[in-house]
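Residue-level structure breakdown
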Amino acid sequence: MLSSGRAALAALSLSLAACTAFAQASFGPADSVPPAAEQRSIGEWLMRMHDASRKRAYTGTFVVSSDAMLASARIWHACEGEQQIERVDALTGPPRTTFRRNDHVVTFLQDSKVARLEKREALGLFPNLLQAADSSIAEFYSARQIGRDRVAGFEADIVLLKPKDQLRFGYRVWSEKKSGLVIKLQTLGLDGRVLEQAAFSELQIDAPVRLDSLVKMMNKTTGYRTERLETQPVDPAAEGWALRELVPGFRSMSCIKRAPQAGMAPSTMQWVFSDGLASVSLFVEPYDAQRHLKEGLVAMGATQSLMQRTDDWWLTAVGEVPTATLKTFAKSLQRTRK
């Protein structure tokens, strides 16, 4: 779940445990949940949420929290036919404004007066949970409405997306009752513990947000030094890489190489996989003893990272999946030529 966070208000700065307890207390009586025969399928739930995130104009403030962080941002989203545009202003950390128009992204860094231009796929960015329309999702997740609640003043259905194996996390989703828009999302660990939460603290659906106005703001780079982050699509096989075995449920979505930039070698390859909700990125580059100092695992909220040396190469695997899934990818990745 866009992959690929993502990102503070006092009302939402409670600990995750307290948030979970509060949500559980607010589910409402069991008879408010439709009987099994009337429940939507997982495909119906996900397409309803997906369509709402792409076909409705909205503006609001959302907060992302975990044990390790608390971040908030202001978002404006507009659409016109197949055209999608949004503006996200970070309210915590260094000031920055990010515009996305379909797959074109411009990030304005106010402190350095730099505008970074790039093309980037939208993978699971809140509140767009669905990454790919894939009928196989039902093979690896189940969906069940477990209650109703109110978030940011809106009535919402609470839907549990439960994984059917140990290779992916689960999700508890608050879907706005009338539109289907995701207005709160919790990523759940294998033990059911909340790893990360994203929620609107204030929201206006069908807001008067004009697409052409956002486009003008996105194109206004006067006073900023522009940096174009170039990428090119590549074939992993042509680059000499393959997976011995596919990880169940995950399909190859894209593979690119990036032009040189700070902290990355010129030949860094990014190979992206998704099961329709979760995504995994494999970053592969030549091993450099001065930069690649320590192998290991790092967790921040729902995002897990694995770093390891593979012969003359350095692999960094990143995804909102259990560490066992990253290890499976790492074990399966193989070099097919010298």
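Before any of the text, the structure's been laid out above.
Residues numbered from 1 in each chain as written. Predicted model: local features only at pLDDT ≥ 70, side-chain atom pairs only at ≥ 80, totals over all residues. Heavy atoms only, no water.

**A short note on helix H4 (residues 211–219)**
The periodicity of an α-helix, 3.6 residues per turn, causes residues three or four positions apart to be oriented the same way. Taken together, the buried positions of H4 are Leu211, Leu214, Val215 and Met218. Angularly, the buried residues of H4 cover 105° about the axis, an arc narrow enough to put them on a single face. Packing partners of the buried residues in H4 comprise strand E2 (70–80), strand E3 (83–90), strand E4 (96–101) and strand E5 (104–109). (Buried < 20%, exposed > 50% of the residue type's maximum accessible area, 1.4 Å probe, protein only. Helix = DSSP H or I, 4+ residues; strand = E, 2+ residues; numbered from the N terminus. Arc of directions from axis to C-beta. Contact = heavy atoms within 4.5 Å.)

**Details of the packing of aromatic side chains**
Per the stated rule, a full pass over the model turns up ten aromatic pairs. Consider the rings of Phe250 and Phe329, whose centres lie 5.6 Å apart with planes at 80°: the pair is edge-to-face. Within this pair, whereas Phe250 is found in the loop between strand E14 (241–243) and strand E15 (251–258), its partner Phe329 is found in helix H5 (residues 323–332), the two being separated by 79 residues in sequence. The class of Phe329 is buried, set by a relative accessible area of 1%. Measuring from ring centre to ring centre gives 5.0 Å for Phe273 and Phe329, while their planes differ by 50°; the resulting arrangement is tilted. Here Phe273 is found in strand E16 (residues 269–274), whereas its partner Phe329 is found in helix H5, with 56 residues between them in sequence. Each residue in the set Phe250, Trp271, Phe273 and Phe329 is aromatic and connected to the rest through ring pairs, giving one cluster. If you follow Arg40 out to its NZ or CZ, it ends over the ring of Trp45, 4.7 Å from the centre. Sitting above the plane of the Trp76 ring, Arg74 keeps its charged end 5.6 Å from the centroid. (Phe/Tyr/Trp six-rings, centres within 6.5 Å; stacked < 30°, edge-to-face > 60°. Lys NZ or Arg CZ within 6 Å of the ring centre and 35° of its normal.)

**Notes on the environment of Thr231**
Within the secondary structure, Thr231 sits in strand E13 (residues 231–233). Taking the C-alpha atoms as reference, Thr231 lies 6.3 Å from Ile256; in sequence the two are 25 residues apart.

**A closer look at the sheet that holds strand E1 (residues 58–65)**
Judged by pairing direction, the sheet is mixed, and its twelve strands sit side by side in the order E7-E8-E9-E10-E11-E1-E2-E3-E4-E5-E6-E12 without closing on themselves. Edge positions in the sheet fall to strand E7 (141–151) and strand E12 (225–229), since each of these pairs with one other strand and no more. Going across the sheet, the axis of each strand differs from the next one's by a mean of 15°, ignoring polarity. Alignment of strand E9 (residues 170–176) against strand E10 (residues 182–188), held across six bridges, turns out to be antiparallel. Considered in E10, the bridge of Gly170 is made with Leu188. (Pairing = 2+ DSSP bridges. Axes fitted to C-alpha atoms, helices over the stretch in contact; angles between N-to-C directions.)

**A short note on the sheet that holds strand E20 (residues 313–319)**
Pairing within the open sheet is antiparallel, and its seven strands lie in the order E13-E15-E16-E17-E20-E19-E18. Across the chains shown, the open sheet's two edge strands, defined by having one partner strand only, are E13 and strand E18 (296–300). Mean inter-strand twist for the sheet, computed between neighbouring axes without regard to direction, equals 20°. For strand E17 (residues 279–286) and E20, the ladder comprises seven bridges, and the chain directions are antiparallel. Pairing of Val284 across the sheet is with Leu315, part of E20. Of the strands in this sheet, E16, E17, E18, strand E19 (303–310) and E20 are in contact with H5, which crosses E19 at around 30°.

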